[in-house]
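Chain by chain, the residues run as shown.
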Amino acid sequence: MNKDKEKSRIDQIRNLLHHYNHQYYVLAKSEISDFEYDLLLKELIDLETKNPDYFDPNSPSQRVGSDSNLEFEKELHSFPMLSLDNTYSKEELYDFESRNKKLLPEDYEYICELKYDGASISLRYENGLLTRALTRGDATLGDNVTANIKTIKSIPLKLKGTDYPVDFEIRGEIFIPHEGFDEMNKIRRAEGEPEFANPRNTAAGSLKMQNSSIVATRPLDCFLYYMIGKDLPSNSHYENMQCARNWGFKVPNIIQKCKNLEEVIQFIEHWDIERKNLTYDIDGIVIKIDNLKQQQKLGMTAKSPRWATSFKFKADQVKTKLLSIDYQVGRTGAITPVANLEPVLLAGTTVKRASLHNSDQINLLDIRVNDFVYVEKGGEIIPKIVGVEKNSRTADSKTLEYINYCPECNTELVRLEGEAKHYCPNETGCSPQIKGRIEHFISRKAMNIGAAEATVEALVDSGLIKDSADLYFLTKEDILGLERFAEKSANNLIESIEKSKNIPFHRVLFALGIRFVGETVAKTIVSELKTIENIKNASIEELIEIHEIGERIAASIVDYFSIDINLNIIDKLKISGVQLEFIEDLNDLSENKLNGQSFVISGTFENHSRDELKELIVKYGGKNTGSISAKTNYLLAGENIGPSKLEKVKKLKIPIISEEEFIKMIKD
Ligand code: IVH
């Protein structure tokens, strides 16, 4: 075949595969056998390899993913990804209805949909091509997971037809159907791997995997339920969703127009029963005002739109016997009691353990070993105990005595005033604390060193490392001495440790695992104090001078640097060449666009809450202060700003910028 012929064959196969994907994964119809499909895909991959200049990021061949390590860039959502208000009773729905009636004197219609229980996603299409997929993140900034999303076959990479807007976003839920989830766990069991806890967490976890070729093997699917953009085809949400279906999206067929609240309640009652027959998880019903103009009229609060609400179904509950209680020691020494239960089936999965949170929780419910307890699935991975059946207690039932000594190292536990948890104070000698700190140190958002939990365990147990800084003194021979390590994996680990020496200082500070010093606090401290020496020598008074650093954080930092073992860790990190000073990174100016400039926020904003704006200021290297002074660089002003503030900025000639201008400053 000559080049032109090869290229037209590539186009032909790409179109065929787009079509077969849509038929199979969206419409559940198969027009060709798996074998024929695989043959076409193989032919396409071969031709594309021969014609690299004809690469297309949206080719069906891109759905197989790749092995390269993905780094997820945080990106600004074009429109914040709001969540929904929850209602739990008919009364709350009546409140929703009367608010709508008040604000919309004209007629309106509701649209009822299922509330899919997965991980939300925002897909951007430009000229009919998928160009970006962002997770919800903190609603303002999401993780760019496009490479992983492309592996989900029901998501079109290229839209059908021509009548779609040039640039729009469509939002939906990534989920794993029951069948696929059970199949995954069957394989995990066979391979001796721990099973996944539930489909929702597995779906969310899959999106954040660094290796998209593994994501491609996961049975992920995606329902779309919300279109957003400038030139949408219709003023009706319902109609827009029908258009989206025609463009190739998997828009659920379970979507109903309701003329009044009675019809909404009927829909809810129907699906509260029928949900047991669905092949995927839902946790409620979403009720939306159909007309986009009316949606606009109702507007939104900082967190959620006023034009929609969700009705949450009651979580499933089961009764089972509490067999015993384990006490787990976390990275910070915090003790968490965990109940071992007689295995019981709850909402599709077998439950064996439940979290008890802390001793107050146990006392409050008067939970005792051998009690029959009610277990409920909440938002967390492990379910919780919500009640005890006291009638079925036997005569020998005794109040539970909470432990006084650490189950791992036998040190006497302490409980600080105002804190619910007990702590093991033996920070440097208690094994799970040591391992936990190292795991935190190497984690992705900290030093990003590629080592599994089992590796950390082996390194600590074999005595090769006692703290995170010891990682930098490991040799290849040391690692080769561990079980399961071969030349290549040992090299990879050494390389990954070496690479972490370039991690910027604020992440190193976060990696140290100082209590209450999270990512944002670490960044704030580094932007003020610049070097580890300055932080080490800072007094509580100096630290609380820094904006957003309170006494609790300051005391914890001073405390950390008063311990010899910690100072020794810092010394070892210093010798190893780990970044312990703030370095202006010319390649990373995007992170520092605001370059220490000081902002005061005032008024209310259309697209972001004040907290979101504060976070953005810090993220992009600026400072947010509460009151206007000669040092203020900008007043970020929304609606209804106080007259005294306005007068002050005018006097001091401080420029006033709008929300839009501010977003431009950090985006451009
Ligand atoms: S509409 C501005 N429709 O529920 C509202 N959301 O707590 C946009 N969800 O973050 C969302 N099913 O992840 C909408 N049919 C549905 C939904 C749905 C599930 C999720 C979504 C959202 C969360 C809100």
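Let us now look at the pairing of strand β7 (residues 167–175). Counted residue by residue, β7 has 8 buried out of 9 residues, so it is predominantly covered. The pairing of β7 with strand β8 (residues 221–229) spans 8 bridges and is antiparallel. Bridging across to β8, R171 finds its partner in Y226.

This next bit is on the sheet that holds β7. In spatial order, the strands read β5-β4-β7-β8; together these 4 strands make up an open sheet with antiparallel pairing. In the strand order of this sheet, the two ends are held by β5 (129–135) and β8, each with one partner. Each strand of the sheet is rotated relative to its neighbour by a mean of 30°, with strand direction disregarded.

Time to look at the pattern of salt bridges. Summed over the entire model, instances satisfying the criterion amount to 41 salt bridges. In this structure, the salt-bridge partner of R124 is E126, at a minimum N-O distance of 3.8 Å. On the basis of relative accessibility, which here comes to 22%, the residue R124 falls in the partly exposed class. For the salt bridge of K476 with E487, the shortest nitrogen-to-oxygen distance reads 2.6 Å.

Most of strand β17 (residues 598–602) sits out of view: 5 of its 5 residues are buried. Neither face of β17 is open: one carries S598, V600 and S602, the other F599 and I601, and all of them are buried. After leaving β17, the chain enters helix α22 (residues 610–619) and then returns to the sheet as strand β18 (residues 623–625), a path that is right-handed. Looking at chain direction, β17 and strand β19 (residues 634–637) are connected through 4 bridges and run parallel.

Packing of helix α12 (residues 431–442) against helix α13 (residues 453–461) leaves a shortest axis separation of 10 Å and a crossing angle of 130°. As far as their axial angle goes, α13 and α12 are oblique. Our pair here, α12 against α13, has a crossing hand that is right-handed. Contacts between α12 and α13 involve I434, K435, I438, E439 and I442 on the former and, on the latter, E453, V456, E457, V460 and D461. In terms of residue class, the contact of α12 with α13 is made up of 5 nonpolar, no polar and 5 charged.

With that out of the way, let us pick up the sheet that holds strand β9 (residues 255–258). Taking strand neighbours across the sheet as the criterion, the 5 strands line up as β2-β11-β10-β3-β9 in an open arrangement whose pairing is mixed. Lying at the two open borders of the sheet, with one neighbouring strand each, are β2 (86–87) and β9. Both strand β3 (residues 110–116) and strand β10 (residues 282–289) contribute to a ladder of 7 bridges, which runs antiparallel. Bridge assignment links Y116 to a residue of β10, and that residue is I282. Along the sheet, helix α3 (residues 90–103) contacts β2, β3, β10 and β11 (308–312); its crossing angle with β11, the most-contacted strand, is approximately 170°. Packing of helix α8 (residues 237–246) onto the sheet brings it into contact with β3, β9 and β10, and relative to β9 it is tilted by some 155°.

Okay, the confidence of the model for the chain next. Overall, the prediction assigns the chain a mean pLDDT of 90, with 97% of residues at 70 or greater. The least confident element of the chain, judged by mean pLDDT, is helix α23 (residues 643–652) at 82; the most confident is β3 at 98.

Conventions we followed
Residues numbered from 1 in each chain as written. Predicted model: local features only at pLDDT ≥ 70, side-chain atom pairs only at ≥ 80, totals over all residues. Heavy atoms only, no water. Buried < 20%, exposed > 50% of the residue type's maximum accessible area, 1.4 Å probe, protein only. Helix = DSSP H or I, 4+ residues; strand = E, 2+ residues; numbered from the N terminus. Pairing = 2+ DSSP bridges. Axes fitted to C-alpha atoms, helices over the stretch in contact; angles between N-to-C directions. Salt bridge = Lys/Arg side-chain N within 4 Å of Asp/Glu carboxyl O. Right-handed = clockwise from strand over helix to strand, strands pointing away. Parallel < 35°, antiparallel > 145°, perpendicular 65-115°, else oblique. Left-handed = near helix turned anticlockwise from the far one by under 90°. Contact = heavy atoms within 4.5 Å. Nonpolar A, V, L, I, M, F, W, Y, C, P; charged D, E, K, R; others polar. pLDDT = per-residue confidence, 0-100.

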